[in-house]
Amino acid sequence: MSELLSNHNLLGLAIGICTFLIIGIFHPITIKCEYYFGTRCWWWFLLLGIAGIAGSLLVDDVFWSSLLGVFSFSSFWTIGEIFEQQKRVARGWFPANPNRKDKKTLTPESDV
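These numbers come from a predicted model, not from an experiment.

J.: Would you take a moment to explain the layout of surface pockets for this structure?
T.: A probe matching the size of a water molecule, rolled over the atoms, marks out where space remains unfilled. Each pocket or cavity is described by its volume, and for the largest pocket that value is around 200 Å³. Lining the largest pocket are Ile23, Phe26, His27, Thr30, Ile31, Ser74, Trp77, Thr78, Glu81, Gln85, Arg88 and Phe94. Listed by contribution, the elements that provide at least two residues to the lining of the largest pocket are helix 2 (11-37) and helix 4 (62-90). The leading source of residues in the lining of the largest pocket is helix 4, at six residues. Looking at the lining of the largest pocket, its residues break down into five nonpolar, five polar and two charged.

J.: Just to check I follow, could you spell out the pattern of salt bridges for this structure?
T.: Pairing between side chains of opposite charge can happen when the charged atoms of each approach one another. Per the counting criterion, the structure on display carries two salt bridges. Arg88 is paired through a salt bridge with Glu81; the nearest N and O atoms lie 3.0 Å apart. Given a relative accessible area of 21%, Glu81 falls into the partly exposed group. Residue Glu84 pairs with Lys87 through a salt bridge whose shortest N-O separation is 3.5 Å. You can see Glu84 and its partner Lys87 sitting in helix 4, three residues apart, about one turn around the helix. Glu84 gets classed as partly exposed once you look at its relative accessible area, which sits at 31%.

J.: Can you help me understand the side chain of Ser65 in this one?
T.: Topologically, Ser65 is positioned in helix 4. Look at Ser65 and you get buried, because its relative accessible area is 17%. Ignoring sequence-local partners within four residues, the contact set of Ser65 consists of Ser56 and Val59.

J.: In this structure, what is going on with the nonpolar core? I would like to understand it.
T.: For soluble globular proteins, the rule of thumb is that nonpolar side chains tend to be buried together. Of all hydrophobic cores here, the largest spans 14 residues; its most connected members are Phe45 and Phe63. Residue assignment for this core shows that the elements contributing at least two residues are helix 2 and helix 4. A total of six residues in this core trace back to one element, the largest contributor, which is helix 2.

J.: So what exactly am I meant to see when it comes to helix 4 here?
T.: Turn by turn, an α-helix covers 3.6 residues, leaving residues three or four places apart pointing in a common direction. The end-to-end C-alpha distance of helix 4 is 42 Å, a good match for the 42 Å that 29 residues give at a rise of 1.5 Å each. At the N-terminal boundary of helix 4, the capping side chain belongs to Asp61, with an oxygen 3.3 Å from the backbone nitrogen of Phe63. One or two residues past the end of helix 4 sits Gly92, with phi positive at roughly 90°.

The rules behind the values
- Residues numbered from 1 in each chain as written.
- Predicted model: local features only at pLDDT ≥ 70, side-chain atom pairs only at ≥ 80, totals over all residues.
- Heavy atoms only, no water.
- 1 Å grid on protein atoms, 1.4 Å probe; cavity = no way out; pocket = protein on both sides within 12 Å on 5 of 7 lines; lining within 4 Å.
- Points joined across faces, edges and corners; volume = space filled by probe spheres on them.
- Helix = DSSP H or I, 4+ residues; strand = E, 2+ residues; numbered from the N terminus.
- Nonpolar A, V, L, I, M, F, W, Y, C, P; charged D, E, K, R; others polar.
- Salt bridge = Lys/Arg side-chain N within 4 Å of Asp/Glu carboxyl O.
- Buried < 20%, exposed > 50% of the residue type's maximum accessible area, 1.4 Å probe, protein only.
- Contact = heavy atoms within 4.5 Å.
- Core = buried A, V, L, I, M, F, W, Y, C linked by side-chain atoms within 4.5 Å.
- Expected span 1.5 Å × (residues − 1).
- Polar contact = N/O pair within 3.5 Å; in protein donor to acceptor, adjacent residues only side chain to side chain.

Okay, here's the thing in structure tokens:
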């Protein structure tokens, strides 16, 4: 894949577009995961990030290795965003899930 894109000087553009899409996909995933699971799903993203790093190191192709690296660090970034999303829900910026079993929520004053 890299050779085809490099021959047409499109490798950087393709990596940039895919990076944009990966980051864009993680945004709603973060919101949905916090809504349905709260902050207890953070370790899923830790495992995804570690798997992405391993994959990035094992893949020879520059295109796929780069995308695995972007996916990996987007997963790591999502860990922090899960906890930030919890604060945004406490502030009323996003709806809380009334059906979720764990009712541990932050108050707007406790997010310092």
